[in-house]
Amino acid sequence: MGKITGFIEFERVHEVTEAPLTRVKHWKEFVQSLNDEQAKIQGARCMDCGIPFCTTGCPVNNIIPDWNDLVYRQDWRAALDVLHSTNNFPEFTGRVCPAPCEAACTLNINDDPVGIKSIEHAIIDHGWLNGWVQPQPPSRKTGKKVAVVGSGPSGLACAQQLARAGHAVSVFEKSDRIGGLLRYGIPDFKLAKSHIDRRLAQMEAEGVEFHPSTYVGNPAHAADGLTVRTPESLYEEFDAVVLAGGSETPRDLPVPGRELKGVHFAMDFLRQQNQANAGARVEDQISAKGKHVVVIGGGDTGSDCVGTSIRQGAASVTQFELMPQPPASENKELTWPYWPLKLRTSSSQEEGCERDWAISTVALEGSDGQVQKLVAVRVDWSRDPATGQMKMREIKDSRFDMQADLVLLAMGFVSPVQEVLNAFAVDTDARGNALADTERYATSVPKVFAAGDMRRGQSLVVWAIREGRQCARAVDEFLMGSTTLPR
C-alpha cells in the first residue's frame, strides 16, 4: 500500500451533502463526490490488512484494496479499469448500494471503516468526466442470439457481458423506457436517470438492441398498447433466453379498509413521480401534497416514499416498521465481517420524518370511500423457546389512531410477476421465484436461464449486477462450450 500508516493518521471523511431544507425543494442528486485530495487521503486509510474481507463482503467481489491504492497514487485511469473488471455499473452502486463492503472492512472492527463507496463514486465520476468510459464492441461475432427479458441492473449487466462476448443481444422491457426499477423505482434525487441513459448509449454502441414497451408472455395478460412477444417466438428466434425481471409483486396489507382510496402500493407512487420527472403526462397522479402521509415499511422503498412525499409537499410523514427498533450500534465482536443489524437513518428520513417501530396496522378507516385514519397496535417480539423462532404478540391496551390521508404500503415484494414465469412454464421455488442454481443459472426449461430478483427474490442492485454477470458466463458457456467471461 502507498501509505502503510494511513489508517492511523487520517480520519474518515464523508461526502458533502446539500442541507435537508435546501435539497427537499428539488429532485436533483445532492451528494458531491470526493475531490482528488479527499479521495487520496481516504484511499490511504486502506490498511493492507492481508485478508481483504471487503472483497468477499461485496457481492460483485470488487478488488477494493487495489483501486484504493491506485486512487492514493492518483492513477485514476487504472483504478477505473480495476473497478470495471468486476462491476459493469459502478455509478449505480456508488450511489444506491448500502455498502456491505464497508461493514466487512477490517478497519471496521474498532474504527470507522474505509469510505469504500465514496471512493468508488469518485472513480467512476472521474471516468465519465474524462471520457474514459467508452464502448467495448467485440472483435468477432459468434452468430448466436440471446434474448434478455427485463432491463433492470441484472438484465443490463447480463446483456452487456454477452454482447462483449460477441453474441447478438436483444433486451425486452414492458415499460416505455429501458432501466427497469433503476428507471422507475429509484427517485431521481438518489439516482439521476442520465446515468442510465449514457450506459444505454454505450451498450447500443456495443451492439445491444433495446425493445421497450414490449410484453413477453401470454398476450391475454399484456396491457393495451404494448408489443407482445410470446415465449414460443423467442424460442424460435433466439439461441438462449434470460429471464431477468424484477421482483414486482408487492406484499399487501389484508386489513379492513384496505380498499379505501388513498391506500397505494409504494411502487405505484414512486413510478408515477419518476414518470412525471421524466416529462411524461401522468393521469391521476398519486400526490402527497398537503396530506398526512403514513408509510408502512422501514426499508429502502419506504425511505424513498418518505423523501418523495416530503418533496411533494406533505403536511407530515410518519413511517412505521413492524419489527422492533434495532440497537444504535452493533456488537462488532459478534457480527463482523457480516452485515450488522443496527439503527440506520437514511437521507430521506433526515429530511423530516417521524419513525416508530414494533407497530402493526389492524385497520384503515375513512368516510366517503377515502382513507382518513390508520388504526394500529404496539407489538412485542420474543423468541419461542419451543421453535427458536421470533414470535409477535399484541401489547394489551396499546391500540391507537393516526391521521392518514395517504397510506403507502412499502412492506417488500413477495415474488416476480407470476404470469411471466407461468408463460415460460419454468419450475419455481417455494417463494415463487424461478428455480435455478448459481452455477448454471439454467431453469427447468431448455435454453431458458434466470438471474437477479427473478431467481433470488427481492434484493440489492449490486446483487442483481452480480447475478447478471454470472448468468452471462453460464449462457456463454452453454452457447460456445467454454467461456472467458468472469464470474
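Only a predicted model underlies this, so the values are computations on that prediction, with no experimental measurement involved.

Thresholds, definitions, all that
Residues numbered from 1 in each chain as written. Predicted model: local features only at pLDDT ≥ 70, side-chain atom pairs only at ≥ 80, totals over all residues. Heavy atoms only, no water. Helix = DSSP H or I, 4+ residues; strand = E, 2+ residues; numbered from the N terminus. Expected span 1.5 Å × (residues − 1). Contact = heavy atoms within 4.5 Å. Pairing = 2+ DSSP bridges. Axes fitted to C-alpha atoms, helices over the stretch in contact; angles between N-to-C directions. Parallel < 35°, antiparallel > 145°, perpendicular 65-115°, else oblique. Left-handed = near helix turned anticlockwise from the far one by under 90°. Nonpolar A, V, L, I, M, F, W, Y, C, P; charged D, E, K, R; others polar. Salt bridge = Lys/Arg side-chain N within 4 Å of Asp/Glu carboxyl O. Buried < 20%, exposed > 50% of the residue type's maximum accessible area, 1.4 Å probe, protein only. Right-handed = clockwise from strand over helix to strand, strands pointing away. Disulfide = S-S within 2.5 Å.

Q: Would you take a moment to explain helix H12 (residues 194-205) for this structure?
A: At 3.6 residues per turn, the α-helix brings residues three or four places apart onto the same side. Relative to the 16 Å expected for 12 residues at 1.5 Å per residue, H12 spans 17 Å between its end C-alpha atoms, a close match to the ideal helical length. Against the buried residues of H12 lie helix H6 (76-84), helix H7 (90-96), helix H9 (116-129), helix H10 (153-164), helix H11 (180-184) and strand E5 (209-211). One or two residues past the end of H12 sits glycine 207, with phi positive at roughly 110°.

Q: How should I be thinking about the sheet that holds strand E13 (residues 354-357) in this particular structure?
A: Spatial strand order, E10-E18-E11-E12-E13: five strands in an open sheet with parallel pairing. With one partner strand each, in any of the chains shown, strand E10 (263-265) and E13 form the two edges of the open sheet. On average, adjacent strands in this sheet sit at an angle of 20° to one another, irrespective of strand direction. Examined bridge by bridge, strand E11 (residues 292-296) and strand E18 (residues 406-409) share four bridges and lie parallel to one another. Residue pairing in the sheet places valine 293 in a bridge with leucine 406 of E18. Each of E10 and E18 touches helix H14 (residues 266-277); the most contacted strand, E10, lies at about 80° to it.

Q: Looking at this model, I keep getting lost on the packing of H6 against H9. Mind explaining?
A: Relative orientation and spacing of two packed helices are given, respectively, by the angle between their axes and the distance between those axes. Across the interface, H6 lies against H9 with an axial gap of 9 Å and an inter-helix angle of 110°. The orientation of H6 relative to H9 falls into the category roughly perpendicular. Between H6 and H9 lies a crossing of left-handed hand. Together, Trp76, Ala79, Leu80, Leu83 and His84 of H6 and Glu120, Ala122, Ile123, Ile124, His126 and Gly127 of H9 make up the contact between the two elements. For the contact of H6 with H9, the residue count by class is seven nonpolar, three polar and one charged.

Q: Even after reading the chapter, I still don't get the pattern of salt bridges, so can you show me in this structure?
A: Side chains bearing opposite charge may pair, as long as their charged atoms lie close to each other. Scanning the model with the defined rule gives 27 salt bridges in all. Between lysine 373 and glutamate 365 there is a salt bridge, with the nearest N and O atoms lying 3.2 Å from each other. For lysine 373, a relative accessible area of 27% corresponds to the partly exposed category. Take glutamate 365: its relative accessible area is 34%, and that puts it in the partly exposed class. If you follow the salt bridges from partner to partner, you end up with Arg23, Arg311, Glu350 and Glu351 in one network.

Q: Quick question: what am I supposed to make of the sheet that holds strand E3 (residues 145-149) here?
A: Strands in a sheet are paired, the pairing made by backbone hydrogen bonds, and the direction either parallel or antiparallel. On the basis of which strands lie adjacent, the open sheet formed by five strands has the order E5-E4-E3-E8-E20 and parallel pairing. With partners counted over all chains shown, the strands left at the sheet margins are E5 and strand E20 (448-450), one partner each. Across the sheet, the mean angle separating the axes of adjacent strands is 20° when strand polarity is ignored. Direction of pairing for strand E4 (residues 168-172) relative to E5: parallel, over a ladder of three bridges. Along E5, the bridge assignment pairs serine 170 with glutamate 209.

Q: What am I meant to see in the pairing of E4 here?
A: Taken residue by residue, a regular strand's side chains alternate between the two faces of the sheet. In terms of residue burial, E4 counts as a mostly covered element, since four of its five residues are buried. Of the strand pairs in this sheet, E3 and E4 are connected by five bridges, and their pairing is parallel. Looking across to E4, one finds that valine 146 is bridged to valine 169. Chirality of the crossover, the property in question, places the unit of E3, H10 and E4 among those that are right-handed.

Q: Which parts of the structure should I look at to understand the state of the cysteines?
A: Two cysteines form a disulfide when their sulfur atoms are joined by a covalent bond. For the structure on display, the rule yields zero disulfides. Cysteine 54 provides the cysteine sulfur closest to cysteine 105, a residue in no disulfide bond, and the two sulfurs are 6.4 Å apart. Cysteine 105 sits in the buried class, given a relative accessible area of 8%.

Q: How do you make sense of the environment of alanine 165 when you look at a structure like this?
A: Its place among the elements puts alanine 165 in the loop between H10 and E4. Look at alanine 165 and you get buried, because its relative accessible area is 17%. For the pair alanine 165 and alanine 472, spaced 307 residues apart in sequence, the C-alpha to C-alpha distance is 9.2 Å. When near neighbours in sequence (up to four residues on either side) are disregarded, alanine 165 contacts Thr142, Asp476 and Leu485.

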